[in-house]
Amino acid sequence: MTDSILARAAEDVCAELRAHAAVCEQSPNDPVAVVRQGERLRGAMLVYEAALMEVSGWSLPLRHLGQLEDFEGDDGVEGEA
């Protein structure tokens, strides 16, 4: 990716996602730390979505996942949409 607003936002999401995973793994019994990092991840995702809309007109794909436990593609193959 180039150094575009969208690329920078994607890099921030990746960093916050890794940080959230680390907090959850290292401090699973610290709800303040887990929630605080979750909020940072949420914020990064919202910035990414705003950049995505600005650059491409597309929304965040995660908004369209539906019920994960029922995730099955049209062809009946689980995990493929």
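First things first, this report covers the structure right here in the doc. (Residues numbered from 1 in each chain as written. Predicted model: local features only at pLDDT ≥ 70, side-chain atom pairs only at ≥ 80, totals over all residues. Heavy atoms only, no water.)

**So, helix 1 (residues 5-26)**
An ideal rise of 1.5 Å per residue puts 32 Å on 22 residues; helix 1 measures up with 31 Å between its terminal C-alpha atoms. Packing partners of the buried residues in helix 1 comprise helix 2 (31-56). (Helix = DSSP H or I, 4+ residues; strand = E, 2+ residues; numbered from the N terminus. Expected span 1.5 Å × (residues − 1). Contact = heavy atoms within 4.5 Å.)

**A word on the nonpolar core**
Judged by nonpolar contacts, Val13, Leu41, Ala44, Met45 and Leu60 together constitute the single largest core of five residues. With three residues, the single largest contributor to this core is helix 2. In contact with Met45, other than residues within four places in its own chain, are Val13, Leu60 and Leu62. (Core = buried A, V, L, I, M, F, W, Y, C linked by side-chain atoms within 4.5 Å. Buried < 20%, exposed > 50% of the residue type's maximum accessible area, 1.4 Å probe, protein only.)

**Looking at the environment of Glu54**
Take Glu54: it is sitting in helix 2. Judged by relative accessible area, which is 62%, Glu54 ranks as exposed. Each C-alpha atom, one on Glu54 and one on Ile5, is 9.4 Å from the other, the two residues being 49 residues apart in sequence.

**A word on the packing of helix 1 against helix 2**
Where helix 1 meets helix 2, the closest approach of the two axes is 9 Å, and the angle between their N-to-C directions is 160°. When the axes of helix 1 and helix 2 are compared, the pair comes out roughly antiparallel. Between helix 1 and helix 2 the crossing geometry is left-handed. Of the residues contributing to the contact of helix 1 with helix 2, the split by class is 19 nonpolar, three polar and four charged. (Axes fitted to C-alpha atoms, helices over the stretch in contact; angles between N-to-C directions. Parallel < 35°, antiparallel > 145°, perpendicular 65-115°, else oblique. Left-handed = near helix turned anticlockwise from the far one by under 90°. Nonpolar A, V, L, I, M, F, W, Y, C, P; charged D, E, K, R; others polar.)

**Brief notes about helix 2**
Because an α-helix packs 3.6 residues into every turn, residues spaced three or four apart end up facing the same way. The terminal C-alpha atoms of helix 2 lie 36 Å apart, and with 26 residues this matches the ideal 38 Å at 1.5 Å per residue to within 8%. Along helix 2, the residues classified as buried are Val34, Gln37, Leu41, Ala44, Met45, Glu49, Ala51 and Leu52. Looking at the buried residues of helix 2, the elements they touch are helix 1. One or two steps after helix 2, the chain reaches Gly57, where phi turns positive at roughly 85°.

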